[in-house]
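# Coordinate analysis (summary)
So the chains spell out like this:
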Amino acid sequence: MPELPDPVVYAVPAFILLLIAEMIISLRADRSRYSARDTLTSLMLGTGSQVAGALVGAAVIGMAVWVYQFRLFDIGIAFKTWWWAWILCFFLDDLAYYAFHRSAHRVRWFWASHVIHHSSQHYNLSTALRQTWTGFFSLTFLFRLPLFLIGFPPTMVFFCAGLNLIYQFWIHTEAIKRLPKWFEAVMNTPSHHRVHHGVNPRYLDANYAGVFIIWDKMFGSFVAERDDEPVRYGIVKQLGSFNILWAAVHEWVGIAKDVWHAPWKHKLSYMWREPGWSHDGSRATSAMIKERWAAGRPVEEAAE
């Protein structure tokens, strides 16, 4: 099976240049968009994510190759012949990303890895680099396994996943307000993704798309950004720390504590129920927060 380069590696210089450009624009337009400590934390968390990915990369590839043995179809990788398969793979990979991303906000076990990406109260291109260290541990790679079973070669899938990740970098910005309506209707944009990072009750659990916002519109999770309600960023219970180790593992620590203290019949629920769930109702999930907000009642902070 031929190997393909990692497109993210080639995109890194562009990431750096865009990050610097956004910093310069922010210094002139709105200095509050960047915080030195927050940006440094994001960069260090991104570096740690790359190290973690390198350590487990062989295991992920091995799993993909093993599953690929049981494929239903033989799909080639030569673009000249199989160009349609590349397009289909990119499209289905984005659907797989949507499934993962939605699960990462609705299942606490997956959220424990993903929360690191939402832990900044700022929203800029450095936020895009704030990535998980524990994705392998939380088994997030399982969401792409169906692509290998269909017959898409692992190298094709990993290349498309890299392109997906590159696309998502530029949407982490407040420098771009709205794009043409036809583009906003189909593609994920900075406006749509700002909503996803919002902790306003109106914006919770929305816009999980990677590249195509059509998934959110199809599955009922789309919420449009409103000019009369600026997005507040972060997580419902803000991290309140620039400690990179705590940012990377704090939710795992929270799960461990809850499982330890919970009654036996509720222990698994603290791993597989939604973030903020508690057996005694002492906390609030995002759905509960939205319901209280919609009813005009005071919104209590959730535990997550």
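Residues numbered from 1 in each chain as written. Predicted model: local features only at pLDDT ≥ 70, side-chain atom pairs only at ≥ 80, totals over all residues. Heavy atoms only, no water.

In the nomenclature of an unreviewed UniProt entry, the protein chain is known as Sterol desaturase/sphingolipid hydroxylase (Fatty acid hydroxylase superfamily) of Sphingopyxis italica.

Counted residue by residue, helix α4 (residues 108-118) has 11 buried out of 11 residues, so it is predominantly covered. Within the span of α4, buried status applies to Arg108, Trp109, Phe110, Trp111, Ala112, Ser113, His114, Val115, Ile116, His117 and His118. Buried positions along α4 lie against α2 (36-68), α3 (79-106), α8 (190-196), α10 (244-261) and α11 (269-272). (Buried < 20%, exposed > 50% of the residue type's maximum accessible area, 1.4 Å probe, protein only. Helix = DSSP H or I, 4+ residues; strand = E, 2+ residues; numbered from the N terminus. Contact = heavy atoms within 4.5 Å.)

Under the criterion given, the structure shown has 13 salt bridges. The salt bridge partner of Arg178 is Glu225, with a shortest N-O separation of 3.1 Å. You can see Arg178 sitting in the loop between α6 (154-169) and α7 (181-186) and its partner Glu225 sitting in the loop between α9 (214-218) and α10, a full 47 residues away along the chain. The salt bridge partner of Asp258 is Arg283, with a shortest N-O separation of 2.8 Å. With Asp258 in helix α10 and Arg283 in the loop between α11 and α12 (286-294), this pair connects stretches of sequence that are 25 residues apart. (Salt bridge = Lys/Arg side-chain N within 4 Å of Asp/Glu carboxyl O.)

Those residues carrying the UniProt feature "domain: Fatty acid hydroxylase" (unreviewed entry) are residues 86-221 in this numbering. Annotated as 53% helix and 0% strand, the span residues 86-221 places its first and last C-alpha atoms 27 Å apart. (UniProt positions renumbered as here; feature names shortened; annotations may be inferred.)

Take a nonpolar patch on the surface next. Together, Phe79, Trp83, Trp84, Ile87 and Leu88 line one region of the surface with nonpolar side chains, adding up to about 540 Å² of accessible area. Summarising the element assignment, Ile87 is placed in helix α3. Ile87 sits in the exposed class, given a relative accessible area of 53%. (Patch = residues over 30% accessible without salt bridge, like charges linked within 9 Å, V, L, I, M, F, W, Y side chains within 5 Å. Areas by Shrake-Rupley, 256 points an atom, 1.4 Å probe, with all protein chains shown as cover.)

Time to look at the domain arrangement of the protein chain. Split by domain assignment, the protein chain resolves into domain 1 (7-219) and domain 2 (244-295). Across the contact, 22 residues belong to domain 1 and 21 residues belong to domain 2. Regarding the contact of domain 1 and domain 2, the summed buried area is about 2100 Å², with carbon and sulfur atoms giving 70% of it. For the pair domain 1 and domain 2, the number of links is two salt bridges. With a closest N to O distance of 2.8 Å, Asp258 and Arg108 form a salt bridge. On the surface where domain 1 and domain 2 come into contact, there are nine residue pairs in polar contact (both at pLDDT 80 or more). Listed by contribution, the elements that provide at least two residues to the side of domain 1 that touches domain 2 are α2, α3 and α4. Considering each element in turn, the side of domain 1 that touches domain 2 owes the most residues, eight residues, to α4. Looking at the side of domain 1 that touches domain 2 residue by residue, the classes come out as 13 nonpolar, five polar and four charged. (Domains from an automatic or database assignment. Buried area = accessible area lost by both parts, 1.4 Å probe. Polar contact = N/O pair within 3.5 Å; in protein donor to acceptor, adjacent residues only side chain to side chain. Nonpolar A, V, L, I, M, F, W, Y, C, P; charged D, E, K, R; others polar.)

Turning next to the nonpolar core. Counting residues in each nonpolar core, the largest one holds 25 residues, and the members touching the most others are Phe148, Phe152 and Met156. Counting residues per element, the ones that place at least two in this core are α2, α3, α5 (145-150) and α6. Tallying contributions element by element places α3 first for this core, with five residues. Once you skip the residues sitting within four places of it in the chain, Phe148 turns out to touch Ala64, Val67, Tyr68, Arg71, Pro154, Val157 and Phe158. Core analysis: the second largest hydrophobic core is formed by 14 residues, Phe110, Trp252, Ile255 and Ala262 among them. (Core = buried A, V, L, I, M, F, W, Y, C linked by side-chain atoms within 4.5 Å.)

Both trends apply: most residues other than glycine have a negative phi, and most peptide bonds are in trans. Not every positive phi belongs to a glycine, and Asp205 is a case in point at roughly 55°. Summarising the element assignment, Asp205 is placed in the loop between α8 and α9. Of note in this structure, Asn207 is not a glycine but carries a positive phi near 55°. Owing to a relative accessible area of 0%, Asn207 belongs among the buried residues under this scheme.

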